[in-house]
Structure formats: structure tokens, C-alpha cells
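Residues per chain, in single letters:
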Amino acid sequence: MSRHGGDVFIILLNNIHDDDSINYMVDMLLTEVSSPFAFAGRNISTSCSIGVAVYPTDGHDFEKLFGRACKAMSQAKEEGRNTARFFTEKLNTDSLHYLNIAYGLREALAHHQFELHYQPQISLKDAQVIGAEALIRWHHPQNGMQPPAQFISIAEQTGLIVEMGGWIIEEACRQGMQWQKNGLPPLSVAVNVSAVQFRRGNLDKVIIKALEKTGLNPQLLELELTESILLEDIDHLLAQLDGLKKLGVKLAIDDFGTGYFSLAYLKKFNIDRLKIDQSFVRDINTDPNDAAIVRAIVQMAHTLNLEVIAEGVEDEAMLKHLRESGCDEVQGYLFSKPLPADAFEAFIKNMYSM
Ligand code: C2E
Ligand code: CA
Ligand code: CA
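This report concerns the structure included in the present document. A quick note: this is a predicted structure, and the numbers were derived from the prediction, not measured.

With that settled, the discussion passes to the coordination of the calcium ion (ligand 2). For the calcium ion (ligand 2), the full set of protein donor atoms is Glu133 (OE), Asn192 (OD1), Glu224 (OE) and Asp254 (OD), and the range of their distances to it is 2.2 to 2.3 Å. Between consecutive donors of the calcium ion (ligand 2), the numbers of intervening residues give the motif E-x58-N-x31-E-x29-D. Between the calcium ion (ligand 2) and the calcium ion (ligand 3), the interatomic distance is 4.1 Å, and aspartate 254 donates to each metal, bridging them. Placement of the pair is glutamate 133 in strand β8 (residues 129-140) and glutamate 224 in strand β11 (residues 221-225), with a sequence separation of 91 residues. Here glutamate 133 matches glutamate 224 in class, with each residue buried.

What follows is about helix α3 (residues 89-110). Between its terminal C-alpha atoms α3 stretches 32 Å, which fits the 32 Å expected from 22 residues at 1.5 Å a residue. If you check which residues of α3 are buried, you get Leu91, Asn92, Ser95, Tyr98, Leu99, Ile101, Ala102, Gly104, Leu105, Ala108 and Leu109. Looking at the packing, one finds that the buried side of α3 touches α1 (19-34), β6 (83-86), β7 (114-123), β8, α4 (152-158) and α5 (160-181). Within two residues after α3, histidine 112 carries a phi angle of roughly 55°, on the positive side.

Among the secondary structure elements, histidine 140 is positioned in strand β8. When its relative accessible area of 17% is taken as the criterion, histidine 140 is described as buried. Reaching out from histidine 140, the side chain makes a polar contact with the backbone nitrogen of glutamine 142 at a distance of 3.1 Å.

Applying the stated criterion across every chain, the model contains 9 aromatic pairs. Centre to centre, the rings of tyrosine 118 and tryptophan 179 are 4.8 Å apart; their planes meet at 75°, and the pair counts as edge-to-face. One end of the pair, tyrosine 118, is in strand β7; the other, tryptophan 179, is in helix α5, and 61 residues separate them in sequence. Residue tyrosine 118 is classed as buried on the basis of its relative accessible area, which comes to 1%. Through a chain of ring-to-ring contacts, the aromatic side chains of Phe114, Trp138, Phe151 and Trp167 assemble into a single cluster. Lying over the aromatic face of tyrosine 333, lysine 337 brings its terminal NZ or CZ to 4.7 Å of the ring centre.

Quick notes on the rules
Residues numbered from 1 in each chain as written. Chains lettered and ligands numbered in written order. Predicted model: local features only at pLDDT ≥ 70, side-chain atom pairs only at ≥ 80, totals over all residues. Heavy atoms only, no water. Donors = N, O, S within 2.8 Å, 3.2 Å for Na, K, Ca; no water. Helix = DSSP H or I, 4+ residues; strand = E, 2+ residues; numbered from the N terminus. Buried < 20%, exposed > 50% of the residue type's maximum accessible area, 1.4 Å probe, protein only. Expected span 1.5 Å × (residues − 1). Contact = heavy atoms within 4.5 Å. Polar contact = N/O pair within 3.5 Å; in protein donor to acceptor, adjacent residues only side chain to side chain. Phe/Tyr/Trp six-rings, centres within 6.5 Å; stacked < 30°, edge-to-face > 60°. Lys NZ or Arg CZ within 6 Å of the ring centre and 35° of its normal.

Here it is in C-alpha cells:
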């Protein structure tokens, strides 16, 4: 970074692999610069306008890139303060989307716009509901209910997933306890956790605190991990998972069968359950390969003393096939969509005629 003169600064980013890495920096700069700071006993806040030019799309030399970045910055100023513009229009559209979501997520955290929905998980042994998967929803004040596909990846890139994830874990534990207080049998709650939470968030401490605060039996909490955790520092990850396993927390691998989770990792991580990816379940009746994959996963899991749950179960034919394959539990629209907590409670009470 260098000061070009007056109030103009130049920041050169190298080793940028994709546009979202630029968006991440832009978002961070706008947020940092605009956050108030104390000076001489007063709170002062400021703002900045950012113009971005990208090599080689916007130019091959400094002069060209600098000129175009200045042009973009003038546009940012015209748009109003504390914003950014790219020289290339397509990047502007993408960036605007990113910045809007990132800003919206911060607002959502501050104004309690998140809610967890719960989808029942059913044992095929006795057709009882054994637990629920917690799935996040965002009540956007203008755009209505947003599914996680709209915002989880930006929450991960900005790091906001750490704060969101803390709330998600505590809320799921609290709800699990609340159902017990309302007379439901002890149900497990499965929470999706992102790799970023392990890296940046001291996830083990967050979970221990949530369990202590809510009083939920650790055995009733399950973490759904995806293979993206394999990109983390494995020793650090193992230390965190080890501590949680000692408490009794359960571990599941989500979307199993789509990635590179090896048998060695399943053993090393002390996994309890595999969740067969929806893509295999979807075509289980029509694609013999998928049917064979499901059977192989179940057999392998049982040999390793792991349970297997299938998700995305939408009809009776799929259910029949999964039962014949030896699957232990199922989850899907055939039984219920993910429900708000009170509707989930009503679903269970209705099921058991309580
Ligand atoms: P996932 O963990 O694989 O969750 C399963 C998704 O399949 C959910 O979508 C669920 O609503 C949907 N689903 C359930 N039953 C069926 C079915 O029978 N048929 C079909 N076609 N779909 C079904 P949703 O809620 O939109 O969540 C999407 C993804 O967002 C999740 O995939 C998960 O990766 C992520 N996500 C959701 N909540 C959280 C969260 O609290 N934290 C984190 N880090 N990620 C979350
Ligand atoms: Ca999941
Ligand atoms: Ca999944």
C-alpha cells in the first residue's frame, strides 16, 4: 500500500486467484475504514471510495491500470460515499451482490434475522424420530426468506460464519433442551459446521460453552462435517475434534461419497455416522451404479461400526431401496420438509399422539 498524494492511496494485490478474493478485500477495507474509533475522547467515523482495476483484463501496465482504477473510483464517489466500483461492469454486478450480502449478514446478526428450521431424522429399525438436522434460514427484511445457498459461501469467505456458527450451535442446543422441557423425548440435534469455524473460530470452546449454558447432553449434539475440513491443519483439527469426542459429542460426515474422505480419515477422526449424499439417493431406483454405491457405503460403514443415514428421501420407492440396502436412518421430504421449531414439535406430538 502507498499514499499517492492527498487522500488517495494505492493498494496492490498480487496472488489473487478469483474475483471474490478482491471482493473480500474491498469488503474488509470498507468495513474497517467505516468502523468508528475513539480519538481524544470522541468517537470518530470516516468513509472511503474504492476503485478497482484488474490485470490483465483492464490493462497490461501500471499507467493503464492506475487510470482505470481512478475512473472507477470517481464512479464510486458519485454513487455515494463508502462504496466501491470496478472498472469492468461484469465485476461490478458480482461485487455489488457480494457486498450487499456481506453487509446484509452483519445486519442480520445484529437484528436477529436468522432462524433455524429442523428436519426430522427417522430410524428404519422402529420408524421413530431420533433427531433433527438444524438448517439455517434468513428472514431478509426486503427479499423475504433466503435459503442458505444464497449466503453461506459469502458468510464463509467474509469469516462471518464464525459468529453465525456460534449462534447456530447455541440456538440448536437451546432448542433441543426446550423440546425436552416441552415433553418431547430426548432428540439429537445435528448442526452443520463449516471448516472456517475450525480454523478461525475455536469451535471446540464455542461448543463447550453452548453445552454448559443450555444444559444439553453432549451425546445429543451431532456435528455434520464436510470434506472441506481436510484442507485445514489436520493436527489442529484433530485436537479440537478429540476434545469434543471426549465430551460425548457425535460426528457425522455430510455429503458422503462425493469427495475424498478416505477410510483412514474416518478412523482417525473417530466418526460416528456417514450421511449418504442426496445425489446417490435421487437416482437410486434408476441408476444401478448409484444403487451399488449406496450398498457399498452401507456395508463399509457397518464394517467400521458406523451408522448410515440417507438424506433427500422423497418417495416410497427410494425408501424401500434404502431399507433393502441396510441403511440405518433416513431424512427427506417423504417424512417432512425442514420445519420451524414449533411446527417440528407439533409434528412429533402428532406422530406420537401426545
Ligand atoms: P445439507 O447439509 O446437505 O442439507 C440438506 C439440504 O437438502 C437442505 O437444504 C434441505 O432442506 C434439503 N432437503 C432435505 N430433504 C430433501 C429432499 O427430500 N429432497 C431435496 N431435494 N432436498 C432436501 P437447505 O436447507 O437449503 O441447505 C442447503 C445447504 O446449506 C446445506 O446442505 C448445508 O450445506 C448448508 N447449511 C444449511 N444450514 C447451515 C448451517 O446452519 N451452517 C452451515 N455451515 N451450513 C448450513
Ligand atoms: Ca447437512
Ligand atoms: Ca448433505
